[in-house]
Amino acid sequence: MPLTLSEDHIFTLSGDTGVLKDGRKLATPAKWSDVGASDEAAWGACQGSAKEPYKVAVDLGGGEPGYKCNCPSRKFPCKHAIGLLYLILNQQPAAQEPPGWASSWLAGRRQRAEAKANTASRTDSDAPSPATIKSEAAREAAREAKVRAGMEELRLWLRDLARRGLADSTIKTYEFWDRMAARLADAQASALAKRLRALAGLPFQVKTDWTTRMLDEIGRIHLLVEAYFRLDTLPPDLQEDVRTLIGWTTKKEEVEALPGLRDLWWVMGQYDDVEDRLKVRRAWVYGQRSGQTALLLAFAFGNASLDFNYTPGQSFEAELAFYPSAYPQRAVLKQMHSAVHRPTLSAGVVPHGFLYDDFESAFAAYAEALAQNPWLDRFPMGLRGALPLNRANSYVIRDVQGRIVPMQLYSGLTISLLLFPALTGGHPIPVFGEWNGYDFRLITLVSDGAMVEM
């Protein structure tokens, strides 16, 4: 049977009268497409101010209500979610199956709810002792107090920085940033301390307009501080993002215990970085059936071996579990269901859903991702046709529409640059890389029916 709603039910979902009013105005069929409902959820696409309609879904299937919308609003639920419910109330459509994007989101919520219920139903023998619970609670409370004190100090420091401005010469000194970063590290906000220290190198790493990039990152840090002080008002998954960005960690074992997503995963690219003597390997994989992208990480100190070593074009059937996030990316391999197959991809069979036609469509997807998690450091980006070029001794990448964006240079790529003319033949070819908001990191390209790692 279709979703059962009433005026009173919708009213209880939002305490914001402005959102309710705006949502009621949106409950016009002309503004919506692909509207549907099941017995527990509703979904649809609402045309807003953006070029592409906003994808909206609401889950009322027991437990806490859930909302998904890629609009930039920070209201929860937003006016589009409320508008969808009013539209369903007025139209009362027949029950039907949700589309793929809504089905994946709903399945993820069901899996997390099931995992939470399983944890809550542990037997008394499995439960920790009262003394252990009390000790853990005291330790967590002490850390929360430390973090809060550090965040309050950072909030004042950012206000002082805004008054001082970026023209102050001390901005270009490492000591200026390190003092506040050290305070955050003492407050057990290590991830945020690392983010702050990274700003010290911007004036020297970015040749032009470093102030714009620094101001943008300072704005993100300020947004993170304010999000922390409003943590209880945020959706649960976004709360996880905020806490992770500050310094809390989720154990791999906890993620592996979550329900996973089984799919045929294609390896789109892999590369290594060294961060503070720690070797980090990143592998991007794409689920052929789900259309989900996942980032697998491996870490090793010194000469220790890493957990995996994939080649672009390989594929394997496996179940991955994702770290909780408003925009899930990082995952762990929960269970393999097949051997890793040798590379077989060619330019004609690269998974269609993974490649964007051009930068315009890719940036639209990036904007949707930022609307869900505004602190994304990297976004996987595959283009159906693009061409790396040397322009005035700096490298750029051009799509089939002629749009040009700067390309990020790194040690592995500088050697591969000499191969570009031979690999591309001067024609656009499929490429895959990461976008950080400023430049494109080329990781893999497809040449003569083979995926080539940069």
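All values reported here derive from a predicted model rather than from experimental measurement.

**Student:** What is the right way to look at helix 3 (residues 79-91) in this model?
**Tutor:** The α-helix winds at 3.6 residues per turn, so residues separated by three or four positions along the chain end up facing the same way. Between its first and last C-alpha atoms helix 3 spans 18 Å; for 13 residues at 1.5 Å apiece the expected length is 18 Å, and the two agree. Counting buried residues in helix 3 gives 10 out of 13 residues, a clear majority hidden from the surface. Among all positions in helix 3, only His 80, Ala 81, Ile 82, Gly 83, Leu 84, Leu 85, Tyr 86, Leu 87, Ile 88 and Leu 89 are buried. Check the buried side of helix 3 and you find it contacts helix 1 (7-13), helix 2 (17-26), strand 1 (32-37), strand 2 (41-46), strand 3 (54-59) and strand 4 (66-69).

**Student:** I would appreciate a short explanation of the sheet that holds strand 1 in the present structure.
**Tutor:** Within a sheet, adjacent strands bond to each other through the backbone by hydrogen bonds, running parallel or antiparallel. Sheet architecture is open: 4 strands sit in the order 1-2-3-4, paired in antiparallel fashion. Each edge of the sheet is formed by a strand with only one pairing partner; in this case those strands are strand 1 and strand 4. Neighbour-to-neighbour, the strand axes of this sheet turn through a mean angle of 5 degrees, independent of strand direction.

**Student:** I would appreciate a short explanation of the pairing of strand 5 (residues 261-275) in the present structure.
**Tutor:** Along any regular strand, the residues point their side chains to alternate faces of the sheet. As paired elements, strand 5 and strand 8 (residues 315-322) share 6 bridges and run antiparallel to each other. Its bridge partner lying in strand 8, Trp 266 is registered against Ser 315. With 10 bridges joining them, strand 5 and strand 6 (residues 278-287) adopt antiparallel strand pairing. Bridged to Val 274 within strand 6 is Lys 279.

**Student:** How do you make sense of unusual backbone geometry when you look at a structure like this?
**Tutor:** Glycine aside, negative phi is the norm for most residues, and most peptide bonds take the trans geometry. The phi dihedral of Asp 34 falls on the positive side, at around 55 degrees, and the residue is not glycine. Along the polypeptide, Asp 34 turns up in strand 1. Of note in the backbone geometry, Gln 188 takes a positive phi value of approximately 65 degrees without being a glycine. Turning to its location among the elements, Gln 188 is positioned in the loop between helix 6 (174-186) and helix 7 (190-198). By relative accessible area, Gln 188 is classed as partly exposed at 32%.

**Student:** Teacher, can you tell me more about the pattern of salt bridges here?
**Tutor:** Oppositely charged side chains may form a pair once their charged atoms are brought near each other. Summed over the entire model, instances satisfying the criterion amount to 22 salt bridges. Glu 7 is the partner of Arg 24 in a salt bridge, and the nearest nitrogen-oxygen pair spans 3.2 Å. Of this pair, Arg 24 sits in helix 2 while Glu 7 sits in helix 1, and the two are 17 residues apart along the sequence. A salt bridge links Arg 289 to Asp 263; its shortest N-O distance comes to 3.6 Å. One end of the pair, Arg 289, is in the loop between strand 6 and strand 7 (293-301); the other, Asp 263, is in strand 5, and 26 residues separate them in sequence. Residue classification places Asp 263 among the buried residues on the basis of a relative accessible area of 0%.

**Student:** Would you explain the pairing of strand 11 (residues 379-391) in this entry?
**Tutor:** Most of strand 11 is tucked away, with 10 of its 13 residues classed as buried. Bridge count for strand 10 (residues 355-356) against strand 11 is 2 bridges, and the pairing is parallel. If you follow Leu 355 over to strand 11, its bridge partner there is Gly 382.

**Student:** How do you make sense of the packing of helix 7 against helix 9 (residues 210-229) when you look at a structure like this?
**Tutor:** It is the contact of helix 7 with helix 9, at a shortest axis distance of 10 Å, that shows an interaxial angle of 160 degrees. The angle between helix 7 and helix 9 falls in the class roughly antiparallel. The interaxial crossing formed by helix 7 with helix 9 has left-handed handedness. Across the interface between the two elements, Leu 192, Arg 195 and Leu 196 from helix 7 touch Glu 217, Arg 220, Ile 221 and Leu 224 from helix 9. Its residues assigned to classes, the contact of helix 7 with helix 9 shows 4 nonpolar, no polar and 3 charged.

**Student:** I would appreciate a short explanation of a nonpolar patch on the surface in the present structure.
**Tutor:** Together, Leu 333, Met 336 and Val 340 make up an exposed nonpolar region whose accessible area comes to about 200 Å². Note that Val 340 resides in the loop between strand 9 (330-336) and strand 10.

**Student:** What is the right way to look at the side chain of Arg 143 in this model?
**Tutor:** Mapped onto the elements, Arg 143 comes out in helix 5 (residues 130-164). Buried within the structure, Arg 143 lacks any salt-bridge partner; Glu 140 is the closest side chain of opposite charge, at an N-O distance of 5.7 Å. Here Gln 188 takes part through its backbone oxygen, which lies 2.9 Å from a polar atom of the side chain of Arg 143. Separated by 3.2 Å, the side chain of Arg 143 and the backbone oxygen of Gly 247 make a polar contact. In contact with Arg 143, other than residues within four places in its own chain, are Gln 188, Gly 247 and Trp 248.

**Student:** I'm lost on the sheet that holds strand 6 in this one. Help?
**Tutor:** Spatially, the 5 strands close up into a barrel ordered 5-6-7-9-8, and their pairing is mixed. With direction set aside, neighbouring strand axes in the sheet form an average angle of 55 degrees. Bridge count for strand 8 against strand 9 is 5 bridges, and the pairing is antiparallel. Directly across from Glu 319, in strand 9, lies its bridge partner Gln 335.

Calculation notes
Residues numbered from 1 in each chain as written. Predicted model: local features only at pLDDT ≥ 70, side-chain atom pairs only at ≥ 80, totals over all residues. Heavy atoms only, no water. Helix = DSSP H or I, 4+ residues; strand = E, 2+ residues; numbered from the N terminus. Expected span 1.5 Å × (residues − 1). Buried < 20%, exposed > 50% of the residue type's maximum accessible area, 1.4 Å probe, protein only. Contact = heavy atoms within 4.5 Å. Pairing = 2+ DSSP bridges. Axes fitted to C-alpha atoms, helices over the stretch in contact; angles between N-to-C directions. Salt bridge = Lys/Arg side-chain N within 4 Å of Asp/Glu carboxyl O. Parallel < 35°, antiparallel > 145°, perpendicular 65-115°, else oblique. Left-handed = near helix turned anticlockwise from the far one by under 90°. Nonpolar A, V, L, I, M, F, W, Y, C, P; charged D, E, K, R; others polar. Patch = residues over 30% accessible without salt bridge, like charges linked within 9 Å, V, L, I, M, F, W, Y side chains within 5 Å. Areas by Shrake-Rupley, 256 points an atom, 1.4 Å probe, with all protein chains shown as cover. Lys, Arg positive; Asp, Glu negative; His and termini not counted. Polar contact = N/O pair within 3.5 Å; in protein donor to acceptor, adjacent residues only side chain to side chain.

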